[in-house]
Amino acid sequence: MTSSSAVEDEHLTDSDLSDDEERKEEVPQEEIRPPTPRPTYSDEDLNQLLEYIQRMTTLYSLNQTDWSEASLDNIRRWLLEVNEPLLTIFYADNVLTAYLGFPTKPVDDISYFLRGEPNEIFTVEGFHDEIHFGTVHSDVDGCLMRLLERFYAPIFRNYQDWNQTVRSRFCASLDKLLAFLFAINSKIGGITALYVPFALHQIGGEQIVCDRPLFKNLESIAVYWTTQIRTVLSDRTLMAANTLATMNDEYEFWEYRLEVLQGLNSQLEQFDVQRVFKVLRQWQSVHMPQIEELLSSAQLEQELATSNLRYLYLLIEPCAKIDESKSLADVSQQLPHIFHLLRFVWEQSEHYKSSDRITTLFRNLSNQIIKYCTSQINLDEILEGRPRLGIKMCNLSLECCQSYEEQLHQLDLHKIGWKLDRGIILNHVHAFMERLNDLKDICEAMIVFGRMDELESIGEVQFSGTNGEQLERIAVSVEQQFLTTLDQLRSSNTKHLMLDVYRSEWYEKMEAYRKSVRGMEETQQRLLSNAFRRVSNVEETLETLNVLLYYSYHATLRKCYLGQVTRLWQRFSEDMDTTTRQLLQLRRKQHLSWLPPHVSDALAYRINLDRLIWLRDRLAKAGSTWLPAVPQAATVMDKFELLRSEFEREIRIAFEEWHGQAGSNLCQKLERYLVHRSKQSKVLLECNMDASALQLCSQAQHFEKLGYALPLPIRKIYEKQDALKLIYNNVLRLCLDYNRLVNSLTQRERKLFRSLIQCVDRQFAPGIYKLSYAGFSTGEPDESYDHWLADCVEHVEELRHIIQLYKRANRQIVRCCERICDTSMLRFNFNGAVDISVFEQQLSSCLNGGNSALRKYYNTIVELITAVANEFAEMQEEQSSEWHQYVNVFDDMLASAFLCCARNALQLLQDALRSDEDLPPGPILVMEADVKDSQIQLTPDMRTVGAVLRGVIDRVQSLVDQFARLGYKLKIPKEKRRPNFARAFREDAECSELVRGIEAEIARQQEKIEEYVIQWRAHHALWELTEEAFTQRLLASSKTARVFEGGIEHYSSLADDISFMDAIAHVHFVLINQNPIKSTLLDWIEKWQALNIQVMLQHATGLIEALYRYMERNERKVLRVPRTHNEAIVANQLFERLVQAVPGKQSRFTPMLEVFVLLHKYRVPLPDAAREQILDLEANWLRYLQVLVEADEMLDHESDEHKIMLAQQADQFRHILKQFHEDYFSKLPKK
């Protein structure tokens, strides 16, 4: 099998690794794991090996039909996968299983097959010699010991390479070892087995031919047997360390002892053991008398065990009934019968005749009771939240233990003859009772500190007052601390110690628990004191006691709790005393209540008495349900009854005094009209009811509720109480509605509504001058009152409707005017500058939208004021001046709104055009600058821009002028109307100022544009210069390379300056696009540059061509052979002239070559002929000089002056060409 890293490496190629990585990947040869071999079995060989393993498998109850195909496949897999060392075959859940490795579950026996070497491959011929196999059952130690005894020991005994002495001593030591191992193995199994050497089984017959070494060996084995027998005989007492031994345990112990003794005696009677004893007797062993004594003792102990089992069996069934009891109370009923049986055993049994042994049986009975009580107590259920159940079970268990102790003390030990040690018998019982008390304390603490109660739900503690949250936090902290402590008790390490009387660790745990609980108790006592410290009345005290009721379940906290209960009754008594003192003081002071004194006193006594009765009832109910009883409760209750009778007497006295002061003639209070004019304001109305009549009825109602009979005069008025209240409330409501409507109008508005108000006043006249309260003798309103009230209500409602419509219309008109003021007729919805067409479109769209909004608001105003006009249609003639004034007020308001809207529009336009002191205005329009027809032109021009901006002003004025005045709409007289809105716009000072400001900004923009054009006029020579003038100016110059390069650099610099200029120029409120004019000027510069280079190229090619023509012509002339004397003279003159002209011609080479270098610098393409002429210039000029030399020789000049001069000129020419090449190549463009 390959590792995962090896698999991953297979995916890497050589290209994926660097040289360093390849060196890292190299593994030393010795670290590489060799490949796992793979056996190559034929089907026949594999089946043969499989058959061998099946035959060699030895298991208990093995059947050949149990072999399954899955098991056979695992065997084949083990044969083929040679890296698996072990194969095991076993029964798992009655299924024959073959497994690679050891089984993972317990099995009875296994057959194993093991490879001798790693990766070993078996052969068919040598399989039995190569395989390691065997069978092991559940007694592994026994298997190994049997293997050592049956297989290895005979080999050692018959090993001939040792001498006799060595072999004897080794065999004796081996037998001792086997005897020890045999004893240990049998002891683990719970029996006592005697080791008999296997060699004795191989010696047949009754007689053993024994030599001294064999005798010594057998004697040492017999001595070891005595040790085993003596150990068995000495084990006569049940030793159950840290365990509660019961009657059943005692019976099982003796049953087990009988089995061991029977097995021992049966082994001693076996043939091989008797032959050993016989040999020892023959050889007169000194250990034989001791062995004989032990053999007889073993028989006696067996008889004793049989006798004890017979008596103990009598106690098994009665003691078993304890465990079968349905409840703990039934246990005590079983005890007398068990006591009688114990007495019978004591009298009949020889073994249990002693006091110590009968005390042991009583102790076992105590343990039996403790175990049963423990089984009845479910600690998990109790500690998880059922403390009441825990307390109940602990009490039942304590009663059971106490009953057992009482019955034990009632036994007449002297009469029976027992000398029982009650301390030993009840030691565990007392310890168990102490553990039960500990558990009870824990359960009580769970209720008090942990709020765990399965019978009732104990909510979280909630305290009132300012420090309530602090007290609640303390209670929660104590609860959390207790729950933490309880969790420690719930843990498995602590919980099992609780009722185990043998585990003394519980005392340490309990001591730590009690220490923690004491701290909690102290905290809770302080909490109780603090909780009641700020309690100020009986109700709070009772609520606090109810909240802290579960604290009374704890013995330590109950005393403090009862003290607070006593304090509760004392507080109730103090409350009664305080109430009495307050009422007495109230009677002495000046009367401050809205009620008459007698009614106030009676109600005060009744209210306080009802409160005290309510407190008494709460305390009585709490005392009968949950509040603990205290001696002070009865005394306080008697005091309350005395106070109750005193309060009722005072109430009766107050009623009698009120009756005496009421008087007899009470009907005169109703002789009053329903309504009268207010003394403070004549326009307002007031209800004319005598308030004392209603007050008398109210007082009578209070005394009637207190249970007193009213006098006849008072009863007559009291019986009309409902009708009087109804009339009073209706009249009062009517007056209030009328007064509210009149007060809602100003003095000017009251003049406008004068006719409507007078109409309503005419309806109120019967109530002012005719109808009175005394007219309702029957106690019910008559028809005239109903008609009057209905007419008044109807007219008041009509007046309210008209006023509400008037007020609502005014508010809506004001709101519409405000919205007109806020309406924007102009809005710049674009960011930055735009084209003038877009600008005009946006302005038109905004103005149209503003026009629609203004039209909507104007129509709404007209509809509203028309609705008001319809309501006043009948009264407009009577109150024409007030109505005209009302209309003109809103007409002026509408005009102000339109003017405000127009000002906002003009202000917005002015703000867009106007600049601040430090910053220019934001651009809103875009222009383009270009040169056309030798003039700088702007598109659009300022005339168009000014017309657009002035058109905005006209549009705003026309929008305002389209609306008619409200006076015209409502058709008021012409002399009362206001002038139209256009006139108001023209006469408005602010609007005129804004228009002048816009005109000023347009003029300023015109000035900025002129300044901008002047800046570009600085380059007028570019478009005003002609080609002819440019060419003549250039030809008139020296035409050197410096002149041509200066022109090129001038235009290049000018082009750079123009290119670096901003594409957009911000001129006041306009952005000018300079790209067109820049492009035009660059085109002109490019034109003049090209013309300059063209002239330079023509000049350079003309120079080189003239030079070649000069050399060609003179070469032909100078080489012409003169034929006459005159021709010779002319030839000499020509030669001399040409020789003298050589320096001058060579001086022209440098300027000419500089021009060509400049052409090459600017990558001007040369004609092919000119390029060849430049390249051949050196050779042609040297050839020309050589021609002159030849001409000199031809003319037979004997002087060498000309030759020397020509040689010097040739060197000078080479130097010029060298400089030309250096300059030429240095100015080549580099990549």
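- Under an unreviewed UniProt entry, the protein has the name Dynein heavy chain 2, axonemal and belongs to Drosophila arizonae.

### Observations concerning the overall build of the protein
Moving on, step 1. Looking only at helices and strands, the protein has 46 helices and 10 strands in total.
Moving on, step 2. Per-residue burial for the protein yields a buried fraction of 42% across its 1231 residues.
Moving on, step 3. Considering only contacts within the protein whose residues lie at least 6 apart along the sequence, 76% involve residues at least 24 apart.

### A closer look at the sheet that holds strand E9 (residues 1064–1067)
Moving on, step 1. The mixed open sheet is built from four strands, whose spatial order is E8-E7-E10-E9. Where the open sheet ends on each side, the last strands, each with one partner, are strand E8 (935–939) and E9. Adjacent strand axes in the sheet meet at a mean angle of 30°, parallel and antiparallel pairs treated alike.
Moving on, step 2. Summarising the sheet, strand E7 (residues 925–932) and strand E10 (residues 1070–1073) pair through four bridges and their orientation is parallel. Paired with Leu925 across the strands is Val1070, a residue of E10.

### Comments concerning a nonpolar patch on the surface
Moving on, step 1. A surface patch of nonpolar side chains, about 440 Å² in accessible area, is lined by Val140, Leu144, Leu147, Tyr152 and Ile155.
Moving on, step 2. Mapped onto the elements, Val140 comes out in helix H6 (residues 140–157).

### Considering the confidence of the model for the protein
Low-confidence regions, as indicated by low pLDDT, have predicted coordinates that should not be scrutinised in detail.
Moving on, step 1. Of all residues in the protein, 83% attain a pLDDT of 70 or more, and the chain-wide mean is 77.
Moving on, step 2. Per-element mean pLDDT across the protein ranges from 32 in helix H1 (residues 4–10) up to 90 in strand E1 (residues 86–92).
Moving on, step 3. Within the model, the stretch residues 1–32 combines pLDDT values under 50 with 13 contacts to residues more than four positions away or in other chains.

### Remarks on a positive patch on the surface
Moving on, step 1. On the surface, Arg1109, Arg1113, Arg1116, Lys1117, Arg1120 and Arg1137 cluster together into a positively charged patch.
Moving on, step 2. Its place among the elements puts Arg1113 in helix H41 (residues 1075–1118).

### Remarks on the sheet that holds strand E3 (residues 109–114)
Strand pairing in a sheet takes place through backbone hydrogen bonds and is either antiparallel or parallel in direction.
Moving on, step 1. Spatially, the four strands line up as an open sheet ordered E2-E1-E3-E4, and their pairing is antiparallel. Strands at the two margins of the open sheet, each flanked by one partner only, are strand E2 (95–100) and strand E4 (132–137). Looking at each pair of strands side by side, their axes are set apart by 20° on average, direction ignored.
Moving on, step 2. Pairing analysis gives six bridges linking E3 to E4, with the strands arranged antiparallel. If you follow Tyr112 over to E4, its bridge partner there is Gly134.
Moving on, step 3. Of the strands in this sheet, E1, E2 and E3 are in contact with helix H4 (residues 69–80), which crosses E2 at around 20°.

So, how was this worked out
- Residues numbered from 1 in each chain as written.
- Predicted model: local features only at pLDDT ≥ 70, side-chain atom pairs only at ≥ 80, totals over all residues.
- Heavy atoms only, no water.
- Helix = DSSP H or I, 4+ residues; strand = E, 2+ residues; numbered from the N terminus.
- Buried < 20%, exposed > 50% of the residue type's maximum accessible area, 1.4 Å probe, protein only.
- Contact = heavy atoms within 4.5 Å.
- Pairing = 2+ DSSP bridges.
- Axes fitted to C-alpha atoms, helices over the stretch in contact; angles between N-to-C directions.
- Patch = residues over 30% accessible without salt bridge, like charges linked within 9 Å, V, L, I, M, F, W, Y side chains within 5 Å.
- Areas by Shrake-Rupley, 256 points an atom, 1.4 Å probe, with all protein chains shown as cover.
- Salt bridge = Lys/Arg side-chain N within 4 Å of Asp/Glu carboxyl O.
- pLDDT = per-residue confidence, 0-100.
- Lys, Arg positive; Asp, Glu negative; His and termini not counted.
- Charge placed at Lys NZ, Arg CZ, Asp CG, Glu CD.

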